[in-house]
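Here are the chains, one letter per residue:
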Amino acid sequence: QVQLVESGGGLVQPGGSLRLSCAASGSVKSINGMGWYRQAPGKQRELVAAITTGGSTNYADSVKGRFTISRDNAKNTVYLQMNSLKPEDTAVYYCKALLPWREYWGQGTQVTVSS
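The following paragraphs examine the structure supplied in this document. Everything quoted here is computed from the prediction, not taken from an experiment. (Residues numbered from 1 in each chain as written. Predicted model: local features only at pLDDT ≥ 70, side-chain atom pairs only at ≥ 80, totals over all residues. Heavy atoms only, no water.)

Read across the open sheet, the four strands follow the order S1-S3-S8-S7; overall the sheet is antiparallel. Each end of this open sheet is capped by a strand with a single partner; those strands are strand S1 (2–7) and strand S7 (67–72). Strand after strand, the sheet turns through a mean of 15° between neighbouring axes, direction not considered. Here S7 pairs with strand S8 (residues 77–82) via six bridges, running antiparallel. Each bridged residue has a counterpart across the sheet, and for Arg 71 the counterpart in S8 is Val 78. (Pairing = 2+ DSSP bridges. Helix = DSSP H or I, 4+ residues; strand = E, 2+ residues; numbered from the N terminus. Axes fitted to C-alpha atoms, helices over the stretch in contact; angles between N-to-C directions.)

Next up, the structure:
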């Protein structure tokens with residue numbers, strides 16, 4: 001079992017920044033990769049960024065150059081630094097942990113970009 005707790009969401013103006021955190025607990029040594037996904041109203045959940053245990057990353061085209069995913073293995077935490085936020089980044093952001101036998105999701109944190 002893995003538990004994921006996200007934090008850091010909120011309301012920010014266009015052009016602003018936020019940093020999301022996802023703290024993992026439980027069987028953390030079995031986690032292969034972690035990622036951030038988002039789901040806007042009426043849309044499907046989509047990958048934002050992912051990172052492997054080795055530190056390899058990949059990003060959605062829409063966030064490249066603006067968002068950065070990182071992880072602190074000592075704290076079992078993954079971060080998503082979001083800069084130059086746009087209204088279209090508004091969504092519920094979810095953290096996912098990938099283990100050999102299944103994936104786990106956090107409860108989500110709301111990010112709203114609006115003036």
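Ranked by size, the top nonpolar core spans 31 residues in total, and within it Leu 4, Met 34, Trp 36, Leu 80, Met 82 and Tyr 93 carry the most contacts. Among the secondary structure elements, those contributing two or more residues to this core are S1, strand S3 (18–26), strand S4 (33–39), strand S5 (46–52), S7, S8, strand S9 (91–98) and strand S11 (109–113). If we skip the residues at most four places from it in the chain, Met 34 touches Leu 4, Cys 22, Ala 24, Ala 50, Ile 51, Ile 69, Arg 71, Val 78, Cys 95, Lys 96 and Ala 97. (Core = buried A, V, L, I, M, F, W, Y, C linked by side-chain atoms within 4.5 Å. Buried < 20%, exposed > 50% of the residue type's maximum accessible area, 1.4 Å probe, protein only. Contact = heavy atoms within 4.5 Å.)

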